[in-house]
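Fold and contact review
Here's the letter readout for the chains.
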Amino acid sequence: MTVQTWTFLIVGLTFALYIAIAIWARAGSTHEFYTAGGGVHPLANGMATAADWMSAASFISMAGIISFAGYDGSVYLMGWTGGYVLLALLLAPYLRKFGKFTVPDFIGDRYYSNTARTVAVICAIVVSFTYVAGQMRGVGLVFSRFLEVDINMGVYIGTAIVFFYAIIGGMKGITYTQVAQYCVLIFAFMVPAIFISLNMTGNVIPQLGFISDVNDGSGMSLLGKLDGLHRDLGFAEYTDGSKSMIDVFAITFALMVGTAGLPHVIVRFFTVPKVKDARISAGWALLFIAILYTTAPAIAAFARTNLIDTMQGKEYTAMPEWFKKWEDTGLIAWTDKNGDGAINYAPGAAVEGKPVLATTADGELQRGQFGQVIFANAPTTTTNEVYIDNDIMVLANPEIAGLPNWVIALVAAGGLAAALSTAAGLLLVISTAVSRDLMKMQIKPNMSEKEELWWARGGAAGAVIVAAYFGVNPPGFVAATVALAFGLAAASFFPAITLGIFDKRMNREGAISGMVVGILLMFGYMAVYKLGWFMDEVPPKSSWWFGISPEGFGSVAMVVNLVVSIVVSRMTPAPPQAVQDIVEDIRIPQGAGEAHDH
Amino acid sequence: MKKDQKQRTAYWRENLRYLILLLIVWFVVSFGCGILFVDQLNNYYVGGAKMGFWFAQQGSIYVFVILIFIYVWLMNRLDKKYHFEE
């Protein structure tokens, strides 16, 4: 069977499975819609959390990014896993004990203030929307690459699927669908990795292959060989970074704290029955995430070594089939600057600006003298002749390793599972923010549960449509959005929630001023240093505060939030006794009623 | 009531002590081994990988997973000790 047939078959089967699960697990009450009735087994919740967490970017792009960044890519690996330790130790058990439905619920009750609740709702919506726009785009990309439909068409198909199961099933439907999606995505990620590891190092386990010797008879370790290739081509060594230490530190910290502060992650821990389950559930989630996150750097190193070995100094006409196939999609391209017909890979961009392939008037790709695609861009003065897109490292892996067609189809299904599961989780946070935090808690407190459920479904529907719109028309600031989502979560939720648990004296005034200052600072820095607003151009790196990039600035904003919160709270009245009792109560796992009986 | 309050305070203290210990390990394996002391550790090897690099891309993640499971075990024991289990 062809790749195309396999892809339709496997993607079709997985979609049928997701829809079947959604119908089986449809939500009958708001409790089920928001938190799956609080009855999810911790192991299942761990899997669902992992699928929710790992997006199209984790699945498709991360290995590629690490592959090009080498050591610098570690910020993502540590940042996006280390946050779970903070989550498990500092947040999950206490929020589960608190026992409400959403993050703004906690902020609003703990800080006895609707203003605080409103600030939290706005943050939750902004963070989730910035994140979900990228996911819908990811769905469109996967569709367009594997099923050869238009990207926008892909976005619409993805939207229709998410629409269906998020609205029927709420958190309950989403959770069980995500369990299935985790299985699909991890299988799809591991199969090519295992084969490539076996090919290159003779080791079945990619994590061990990563630290083994290559089996090309040279007796070199994989990473030693890769460092050598980098030196020969004039790159910095793979295992050596080019970012400054303080920036690596700041970015890693911001990603960790941001992870622990993301509402769609936190809300997962409301879905398990007990405090004990919330703790272990975070452990399972991280274990399931770690399987992918420790494989990704291995894939990165394998793919990079393989790629350089395959093309460096070789004749273009001798390139394998996959090179030419992915050329047509614009993920890899070669421009013969010195006219020798051989590929030369070196540091620097191959062409000016964002690479675009040249086409003829009737839309066909133009070809050069060897049959290669041609850039519409002007060449740069570097000796580098190759453009390589990050995403090719995972997408082309099965072909590079010479794996059968069904594996290629599986990678498509895995990428879709990753994008859909994350999008659904985010949409739920948005719909809950609308129906519960806004309508029920602020505007229409007397509405019936049935009515609230309709608001939740309507909110989800509205959110899906807005997300699809952003997927089709990605906003100009999309490059900054992921960093912004993490920065905002780090600068707002994380300090407000942890202080709410660990500092009994923390009051309304402190938390609100901390959040507002943190968010404004984060926004301001991002606007100036990433987007170049208020100035003629984006300021140079040398003007960064403390040498910290906008991606890492969330850590500074978080510290400022902490300091402002503590100082302001000590100058204003202590929180009321009832609130102090809440804090006492969430610190102890045992039943809430008992504390008041004594 | 007084006794109950004492129990709660003692429970919370022990909890905080565990948190501090575990977070120190969390910090050391990631920010310590993977970032601050990466160059020094890179003089040693884990298999074919430089040790600092290995901590940044593999080791720290393994330790994170283990840390959470240790935390779960410690807290379950603590809940039993103070009869706070659900």
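**Some words on the overall build of chain B**
Across its full length, chain B holds 3 helices and 2 strands. Against the 2.2 N^0.38 benchmark of 12 Å for 86 residues, chain B shows a C-alpha radius of gyration of 18 Å, more extended than a compact globule. Projected onto its principal axes, the C-alpha coordinates of chain B cover approximately 60 × 20 × 15 Å. Per-residue burial for chain B yields a buried fraction of 35% across its 86 residues.

**Let's talk about the domain arrangement of chain A**
Once the domains are mapped, chain A shows domain 1 (3-306 + 404-593) and domain 2 (332-388). Placing a centre on the C-alpha atoms of domain 1 of chain A and another on those of domain 2 of chain A gives a separation of 36 Å.

**As for the interface of chain B and chain A**
Chain B puts 38 residues into the contact, and the matching count from chain A is 44 residues. Those elements that provide at least two residues to the side of chain B that touches chain A are α1 (2-36), β2 (49-50) and α3 (51-81) of chain B. When residues of the side of chain B that touches chain A are assigned to their parent elements, the largest contribution, 17 residues, is made by α3(B). Across the side of chain B that touches chain A, the residue classes tally to 24 nonpolar, 8 polar and 6 charged.

**A few points about the confidence of the model for chain B**
Residues of chain B with pLDDT of at least 70 account for 97%, and the chain-wide mean is 92. Here the complex is predicted with pTM 0.91, and the ipTM for its interfaces comes to 0.95.

**Quick word on the nonpolar core**
Core analysis: the biggest nonpolar cluster contains 232 residues, and Leu185(A), Ala423(A), Leu427(A) and Ile68(B) have the highest contact counts within it. In terms of residues, this core owes the most to one element, helix α17 (residues 405-443) of chain A, which gives 22 residues. The residues that make up this core include at least three from each of domain 1 (3-306 + 404-593) and domain 2 (332-388) of chain A. The contact partners of Ala423(A), leaving out residues within four places of it in the chain, are Val132(A), Gln135(A), Met136(A), Val139(A), Val162(A) and Ala467(A).

**A closer look at the environment of Leu41(B)**
Residue and element names in this part refer to chain B. Within the secondary structure layout, Leu41 lies in helix α2 (residues 38-41). Placed 14 residues apart in sequence, Leu41 and Phe55 show a C-alpha to C-alpha distance of 9.2 Å. Residues contacting Leu41, with those up to four places away along its chain left out, are Cys33, Met51, Gly52 and Phe55.

**Focus: the environment of Gly518(A)**
All names here are of chain A. Examined against the element boundaries, Gly518 turns out to sit in helix α21 (residues 508-529). A count of 30 C-beta atoms within 10 Å places Gly518 in the buried class. Once the C-alpha coordinates of Gly518 and Ala490 are considered, the two residues, 28 residues apart in sequence, prove to be 8.7 Å apart.

**Quick look at the packing of helix α10 (residues 222-233) of chain A against helix α13 (residues 275-311) of chain A**
All names here are of chain A. Between α10 and α13, the least distance of the axes is 10 Å, while the angle of their chain directions is 45°. Compared by their axis directions, α10 and α13 come out oblique. As α10 packs across α13, the resulting crossing turns out to be left-handed. For the pair formed by α10 and α13, the contact residues are Leu222, Leu223, Lys225, Leu226 and Leu229 on the first element and Ala301, Arg304, Thr305 and Ile308 on the second. Per-class residue counts for the contact of α10 with α13 are 6 nonpolar, 1 polar and 2 charged.

Conventions we followed
- Numbering of residues begins from 1 in every chain and follows the order in which that chain's sequence is written.
- Working convention: letters from A go to chains and numbers from 1 go to ligands, in the order in which they are written.
- Local features in this predicted model are restricted to residues whose pLDDT is 70 or higher, and side-chain atom pairs enter the listing and the counts only when it is 80 or higher, whereas totals over whole chains, interfaces and linings include all residues.
- Secondary structure elements are defined from DSSP: runs of H or I of at least 4 residues count as helices, runs of E of at least 2 residues count as strands, and each element is numbered from the N terminus.
- Atoms counted for the radius of gyration: C-alpha only. Globule rule: 2.2 Å times residue count to the power 0.38.
- Counts of 20 or more other C-beta atoms within 10 Å of a residue's own C-beta define buried residues, counts of 12 or fewer define exposed ones, and intermediate counts define partly exposed ones; C-beta atoms are placed from the backbone.
- For each domain, the first and last residues come from an automatic or database assignment.
- By definition, residues are in contact whenever their C-beta atoms, placed on the basis of the backbone, come within 7 Å of each other.
- Gly counts as polar in this scheme, as do all residues outside two lists: the nonpolar Ala, Val, Leu, Ile, Met, Phe, Trp, Tyr, Cys and Pro, and the charged Asp, Glu, Lys and Arg.
- Values of pLDDT, which run from 0 to 100, indicate the predictor's confidence residue by residue.
- A set of buried Ala, Val, Leu, Ile, Met, Phe, Trp, Tyr and Cys residues, joined through C-beta atoms within 7 Å, is what we mean by a nonpolar core.
- Orientation is described by lines fitted to C-alpha atoms, with helices fitted over the stretch in contact, and by angles between N-to-C directions that extend from 0 to 180 degrees.
- Orientation is classified from the angle alone, with under 35 degrees giving roughly parallel, over 145 giving roughly antiparallel, 65 to 115 giving roughly perpendicular, and any other angle giving oblique.
- Two helices that cross are described as forming a left-handed crossing if the nearer one is turned anticlockwise from the farther one by less than a right angle, and a right-handed crossing if clockwise.

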